[in-house]
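Remarks on the overall topology
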Amino acid sequence: QVQLVESGGGVVQAEGSLRLSCAASGGTFNFAAMGWFRQAPGKERDFVASIDQSGGRTTYADSVKGRFTISRDNAKNTVYLQMNSLLPEDTAVYYCAARYLGNTKYRYWGQGTQVTVSS
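Structure report, in brief. Since the model is a prediction, treat every value here as computed from it, not as a measurement.

What counts and how
- Residues numbered from 1 in each chain as written.
- Predicted model: local features only at pLDDT ≥ 70, side-chain atom pairs only at ≥ 80, totals over all residues.
- Heavy atoms only, no water.
- Helix = DSSP H or I, 4+ residues; strand = E, 2+ residues; numbered from the N terminus.
- Rg over C-alpha atoms; globule rule 2.2 N^0.38 Å.
- Buried < 20%, exposed > 50% of the residue type's maximum accessible area, 1.4 Å probe, protein only.
- Contact = heavy atoms within 4.5 Å.
- Areas by Shrake-Rupley, 256 points an atom, 1.4 Å probe, with all protein chains shown as cover.
- Lys, Arg positive; Asp, Glu negative; His and termini not counted.
- Charge placed at Lys NZ, Arg CZ, Asp CG, Glu CD.

The secondary structure content of the protein chain amounts to zero helices and 11 strands. Counting helices and strands in the order they occur from the N terminus, the protein chain gives β-β-β-β-β-β-β-β-β-β-β. The C-alpha radius of gyration of the protein chain comes to 13 Å, within 12% of the 14 Å expected for a compact globule of 119 residues. Along the longest, intermediate and shortest principal axes, the C-alpha atoms of the protein chain span 40 × 25 × 25 Å. The buried share among the 119 residues of the protein chain stands at 42%. Counted over contacts in the protein chain with a minimum sequence separation of 6, partners at least 24 positions apart contribute 55%. Accessible surface for the protein chain amounts to roughly 6300 Å². Of this, 46% is attributable to carbon and sulfur atoms. Between the mean site of the 12 positive side-chain charges and the mean site of the 9 negative ones, the protein chain shows a separation of 7 Å.

Written as structure tokens, this is what we have:
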């Protein structure tokens, strides 16, 4: 069974930075495209960024382009989300997710990590 564990959340002031990590176990990590999503209170969960199996292709939500960077280390079974120039509206629970070859949806999800940006 694939397990994903996020870490690195916390409280940061506006314009600050955080790096989230997501450690995967129980599957063949380099067979999975990985994504980061977030859910703010009272809102639906939204896409933030994704990265393909090799790390050569990334996509971002417009709201985070130029500020966030997704990356992965297949040797460590870990995906990262570097978040710079954080804004109060980035406050949310951040989730990582895995989508394995042959699947169109993210099937495996972590438990989430809270990011709070104070103004």
